[in-house]
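Structural overview for review
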Amino acid sequence: MGTTTTPEEWPPDGQFPFDIFISKKYKSFWDAGNIQFTDSVGNLFFRVDRSQSQNSSACQKLILDASDNNLIRLDRLVKGSWQGFMVSDTEEKELIFTVNRTLNTFTKLEFDIFLGDGHGEGAEADLKMKGSAFKRSCTIYKGNSIVAETSLMYTLGFRKHFIPRNRFRVTIFPGFAELSLVVALVVIFFDKRKFWV
């Protein structure tokens, strides 16, 4: 299990992994809810919002920081592919990554991630993402190194506490400073999974 940090302290100086926590916040019974990423005491790091595409009826997702500044816009393409664009309130910037799903079974998902806007056919992926959505297990790799991984939160101590399955942890490992990219990839991995409903 990792340590905690705040958005202002990112990236951390330490050599230890740290945790952020994923949950879904509902304003009312009828509300679809918003995915949030917080520290261990509930301080908001990021949240995910849905936005309507101006050019089509397709649904997009926005990664926002704790001050509601737009950071990354996620566009779902065909057959499990996505693109991520760096955005701001006033302008849209360049494509920052493309994600292609390479395996989709009941128990296993795999994706290749290409950073930047230039990768030809047969190019090697910059990052890979593998796991099982049902088990809330997603691991992001850079080569042979683990960048981040998700895990369920289990009961600790002698008292039993109910921890819903739509709340789980993302552990970020040292050496990778792109926290918003990790958040965007986790959102893509768990997109349209029943526990986000």
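Residue positions within a chain follow its written sequence, with the count starting from 1. Side-chain atom pairs in this predicted model are given and counted only at pLDDT of 80 or more, local residue features only at pLDDT of at least 70, and totals for whole chains, interfaces and linings cover all residues. With hydrogens and water stripped out, all remaining heavy atoms of the structure feed into the side-chain values.

Let's shift gears to the overall build of the protein chain. Scanning the protein chain for helices and strands turns up one helix and twelve strands. Should any heavy atoms of two residues lie within 4.5 Å, those residues are considered in contact. Taking all contacts inside the protein chain whose residues are at least 6 apart in sequence as the whole, residues at least 24 apart take part in 35%. Strands here mean DSSP runs of E at least two residues long; helices mean DSSP runs of H or I at least four residues long; both are numbered from the N terminus.

This paragraph deals with the nonpolar core. Counting residues in each nonpolar core, the largest one holds 41 residues, and the members touching the most others are F37 and F97. Not counting residues up to four positions away in its chain, the partners in contact with F37 are I20, F21, I22, N43, L44, F45, F46, V48, V170, V183, V186 and V187. What is meant by a nonpolar core is a set of buried Ala, Val, Leu, Ile, Met, Phe, Trp, Tyr and Cys residues, joined one to another through side-chain atoms within 4.5 Å. In this scheme, a residue with accessible area under 20% of its type's maximum is buried, one over 50% is exposed, and one in between is partly exposed, where area comes from a 1.4 Å probe on protein chains only. Residues L62, F85, V87 and L95 belong to the second largest nonpolar core, which totals five residues.

Before going further, it helps to spend a moment on the UniProt feature "transmembrane region" (unreviewed entry) in the protein chain. UniProt positions are given in the numbering used here, feature names are shortened, and annotations may be inferred rather than shown by experiment. Per the UniProt record, the feature "transmembrane region" (unreviewed entry) sits at residues 168-190. Helix makes up 48% of residues 168-190 and strand makes up 22%, while its end C-alpha atoms are separated by 12 Å.

Note on definitions: salt bridges are taken to be side-chain nitrogens of Lys or Arg within 4 Å of carboxyl oxygens of Asp or Glu. Across all of its chains, the model carries seven salt bridges by this definition. Notably, a salt bridge pairs D49 with R47, separated by 3.8 Å at the nearest N-O pair. Residue classification places D49 among the partly exposed positions, given a relative accessible area of 26%. Where salt bridges share partners, they join R47, D49 and D68 into one cluster.

Now for the packing of aromatic side chains. For this analysis, a ring pair means two rings from Phe, Tyr or Trp (six-membered ring only for Trp) whose centres lie within 6.5 Å, classed as stacked if their planes differ by under 30 degrees, edge-to-face if by over 60, and tilted for the remaining angles. In total, this model carries four aromatic pairs according to the counting rule given. Three or more aromatic residues joined by ring pairs make a cluster, and in this case those are F111, F168, F189 and F190. Remark: a charge is flagged as sitting over a ring if the NZ atom of Lys or the CZ atom of Arg is within 6 Å of the ring centre and within 35 degrees of the ring normal. Stacked on the ring of Y141, the Lys or Arg K130 has its end atom at 5.9 Å from the ring centre.

Once that is clear, we can look at the side chain of K61. Mapped onto the fold, K61 is located in strand β4 (residues 59-65). K61 gets classed as buried once you look at its relative accessible area, which sits at 10%. Any pair of nitrogen or oxygen atoms within 3.5 Å is treated as a polar contact; in protein, a donor-acceptor pairing is required on top of that, and neighbouring residues in sequence qualify only through side-chain atoms on both sides. In this structure the side chain of K61 is engaged in a polar contact, spanning 3.5 Å, whose partner is the side chain of D191. Each residue touching K61, except ones within four places of it in the same chain, is listed here: V48, D49, R50, I72, R73, L74, R76, W82, V187 and D191.

The element helix α1 (residues 179-189) is largely enclosed, with a buried count of ten among its eleven residues. L179, L181, V182, V183, A184, L185, V186, V187, I188 and F189 are the residues of α1 that are buried.

Moving on: unusual backbone geometry. At D68, a residue that is not glycine, the phi angle is positive and equals roughly 65°. When you line up the elements, D68 lands in the loop between β4 and β5 (70-76). Of note, the phi angle at R136 is positive, near 55°, even though the residue is not glycine. Inspection of the secondary structure puts R136 in the loop between β9 (127-132) and β10 (137-142).

With respect to burial, strand β12 (residues 168-172) is a largely interior element, five of its five residues being buried. Residues F168, V170 and I172 line one face of β12 and the alternating positions R169 and T171 line the opposite face, and both faces are buried. Pairing between strands is defined by DSSP: at least two bridges between them are needed. Pairing between strand β1 (residues 18-25) and β12: five bridges, direction antiparallel. If you follow F21 over to β12, its bridge partner there is R169. Relative to β12, strand β11 (residues 145-152) runs antiparallel, the two being bridged by five bridges. Across the sheet, the residue bridging to E149 is T171, located in β12.

Per-chain confidence: the protein chain averages 80 in pLDDT, with 72% of residues scoring 70 or above. Summary of the metric used: pLDDT quantifies the predictor's per-residue confidence within the range 0 to 100. Per-element mean pLDDT across the protein chain ranges from 84 in strand β3 (residues 44-52) up to 96 in β9. Note on residues 155-160: pLDDT is under 50 here. Beyond four places in sequence and across chains, it has three contacts.

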